[in-house]
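# Inside the fold
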Amino acid sequence: MDPAEQEAREVFEEVYPRLAGWCRGLVDSDAAAHDIAAEAFTRLWSRWRSVDRPEAYLFGVAANLVKDYWRLRDRERNAMRHLKASGPAHAPAADQGLAVRSLVESLPSRLRVPVLLYYYAGLPVSEIASVLHRRPGTVKSDLHLARERLRNALGGRYEYTGITA
């Protein structure tokens, strides 16, 4: 086995369980989580020699795939609402209550992706900045703005921990 292949195998063994688990927490589906994690690794392999930070790259790709999954799920929900429109009106269970994840999903992409990478994937600001091609100060500012929006949506009931680089 050549050194590049060995390194790829080690990255997979180290990162895949955490990546799939992270995805599982965001999509509530084992199958979808593993599909997203596998697709992120497939994309990594296609660029293996040009990626400096494989873990940050994987979580960045997975964050975008999760966003796509949420978007598809929303389209499916809307389609079901239209199909059931002729029946008795009722609010779907998914729309009841105030879930933080739903609020995170509703953030604009510029704010949502750093939140996912920082709070859900546990990546430091410096790696998020690298994978998103932003300055660390910009990432910190985006995280601050996202926290303010989430706090306001939650009625100021929750505080978030500070951000470290």
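From a predicted model like this one, the values you see are computed outputs, not experimental measurements.

A few words on the pattern of salt bridges. Across all of its chains, the model carries nine salt bridges by this definition. The shortest N-O distance in the salt bridge between E39 and R43 comes to 2.8 Å. Taken together, the residues E39 and R43, both in helix α2 (residues 30–46) and four residues apart, mark about one turn of the helix. Two residues, D142 and R110, come together in a salt bridge whose shortest N-O distance is 3.6 Å. With D142 in helix α7 (residues 136–153) and R110 in helix α5 (residues 109–120), this pair connects stretches of sequence that are 32 residues apart. Residue R110 is classed as partly exposed on the basis of its relative accessible area, which comes to 43%. Because the salt bridges share partners, they merge into one network encompassing R24, D28 and D30.

What follows concerns the confidence of the model for the chain. Regions with low pLDDT carry predicted coordinates that are not meant to be interpreted in detail. Across the chain, pLDDT averages 81, with 81% of residues at or above 70. The element-level mean pLDDT for the chain is lowest in helix α4 (residues 100–106), coming to 80, with α2 highest at 94. Here residues 86–98 is modelled with pLDDT under 50, and outside its nearest four sequence neighbours on either side it reaches eight contacts, counting other chains as well.

Calculation notes
- Residues numbered from 1 in each chain as written.
- Predicted model: local features only at pLDDT ≥ 70, side-chain atom pairs only at ≥ 80, totals over all residues.
- Heavy atoms only, no water.
- Salt bridge = Lys/Arg side-chain N within 4 Å of Asp/Glu carboxyl O.
- Helix = DSSP H or I, 4+ residues; strand = E, 2+ residues; numbered from the N terminus.
- Buried < 20%, exposed > 50% of the residue type's maximum accessible area, 1.4 Å probe, protein only.
- pLDDT = per-residue confidence, 0-100.
- Contact = heavy atoms within 4.5 Å.

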